[in-house]
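# Structural overview
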Amino acid sequence: MTSEKTNRNVLVTGGSRGIGAAISLELGLAGYFVIVNYNHSISEAENIVKQIIDNGGQAVALQANISKADETERLFNEINASIGTVDVLINNAGITRDKSFKKMNLEEWEAVIDTNLSSVFNTTKLALPAMLDQKYGRIINISSVIGQSGGFGQTNYAAAKAGLIGFSKSLALETAKSGITVNTICPGFIGTDMVNAMPEEVLNSIISKIPVNRLGLPSDIAKGVKFLIESSYMTGQSLNINGGLYM
Ligand code: NAP
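Residues numbered from 1 in each chain as written. Predicted model: local features only at pLDDT ≥ 70, side-chain atom pairs only at ≥ 80, totals over all residues. Heavy atoms only, no water.

## Digging into the nonpolar core
For clarity, the threshold we go by: As used here, the term nonpolar core means buried Ala, Val, Leu, Ile, Met, Phe, Trp, Tyr and Cys residues forming a set that is joined through side-chain atoms within 4.5 Å. Between buried and exposed lies partly exposed: a residue is buried under 20% and exposed over 50% of the maximum accessible area for its type, with that area taken using a 1.4 Å probe on protein chains only. In what follows, residue pairs with any heavy atoms lying within 4.5 Å of each other are defined as contacts.
Counting residues in hydrophobic clusters, the biggest one holds 31 residues, and the most contacted among them are I23, L27, I90, V225 and I229. Here L27 is in contact with V10, Y32, V34, I90, V225, K226 and I229, once residues within four sequence places are set aside. Counting residues in each nonpolar core, the second largest holds 20 residues, with I35, L62, I139 and A172 among its members.

Quick look at the structure:
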């Protein structure tokens, strides 16, 4: 362990892989009790939990498809019964279904909106009452540079990610007097399964446009999350961690 245990519980949605796994690890090693949410990747989620516990931290893996309100309610019932309140909520789970708008069907639109945007309604709705009662809370929504700049073949994804920015600023206004901060992080292109699934020539073309000339690391985003949790005076902001891709 790099620091003392805190008395704060953190829920990381989609904490099993990629950026969410790095956030879970960073916060677990910093002394938070980490609830590693996953949908399908049980062994990856359990591996993150094991790494945290092996280093003297506290963590548990809990399954729920957070795009579904009823599954999210079940998740929070489990958390409230066996762990306590969610003091820090990291809305990280996300998917892509890239296609030009002309070819995109309603199913591809809804899958991305439900997973990347409506899930944030589901989790925040259930986490916020306890945060308001205890006058402490941190909500960090993982948006994207695509929500700021747009992305070819990504109308669904850009709409969801831009939506998170507006959602976060509005909720930040509503909760600022209650000791709660709400911020977004807008990562650029980070080397995870999501980005590695892109065709090599597309990826190379993207990298050539990034001023630092490489993909970001999941740990770059995790460090930003830790910074936002520790700040009580930063709210309603978007933290851009993108290698200079969008300034
Ligand atoms: P990733 O490697 O594909 O991992 C996605 C994670 O989300 C997995 O842990 C997955 O869990 C989880 N997930 C997906 N749908 C879920 C659902 N319905 N319920 C619960 N968990 C769900 O993606 P990533 O690159 O780490 O991306 C993480 C976040 O950062 C996403 O919101 C993404 O949009 C955003 N982002 C990524 C980049 C990038 O360059 N990678 C850039 C900007 C923003 P299971 O495997 O268990 O299903």
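## A word on the site of the ligand
Convention followed: Residues are counted as near a molecule or strand when any one of their heavy atoms sits within 4 Å of it. Whenever two N or O atoms come within 3.5 Å, that pair is a polar contact, provided that in protein one can donate a hydrogen and the other can accept it, and provided that, for residues adjacent in sequence, both atoms are side-chain atoms. Shrake-Rupley sampling with a 1.4 Å probe provides the accessible areas, and residues are treated as covered by the protein chains on show and by no other component.
Near the ligand there are 31 residues, and of these S41, N92, Y157, I190 and T192 occur at the shortest range. Backbone polar atom of I19 to an oxygen atom of the ligand: 2.8 Å apart, as the coordinates give it. Between the ligand and H40 there is a distance of 2.8 Å, counted from an oxygen atom to a backbone nitrogen or oxygen. Taking 890 Å² as the accessible area of the ligand by itself, protein coverage stands at 95%.

## Observations concerning the packing of aromatic side chains
Heads up, the rule is: Aromatic rings from Phe, Tyr and Trp, with only the six-membered ring used for Trp, were paired whenever their centres fell within 6.5 Å, and each pair was classed as stacked if the ring planes differed by under 30 degrees, edge-to-face if by over 60, and tilted otherwise. Only Lys NZ and Arg CZ are tested; either one counts as a charge over a ring when it is within 6 Å of the ring centre and within 35 degrees of the ring normal.
Scanning the model with the defined rule gives 0 aromatic pairs in all. The residue whose ring lies beneath R8 is Y136, and the NZ or CZ to ring-centre distance is 3.5 Å.

## Focus: the side chain of N92
What counts is decided by this rule: The way it works is that DSSP assigns letters per residue, a run of H or I at least four long becomes a helix, a run of E at least two long becomes a strand, and they are numbered from the N terminus.
Within the element layout of this structure, N92 appears in the loop between β4 (88–91) and α4 (106–134). With near-sequence residues (within four places) excluded, N92 lies in contact with T13, G14, I19, G20, I23 and I142.

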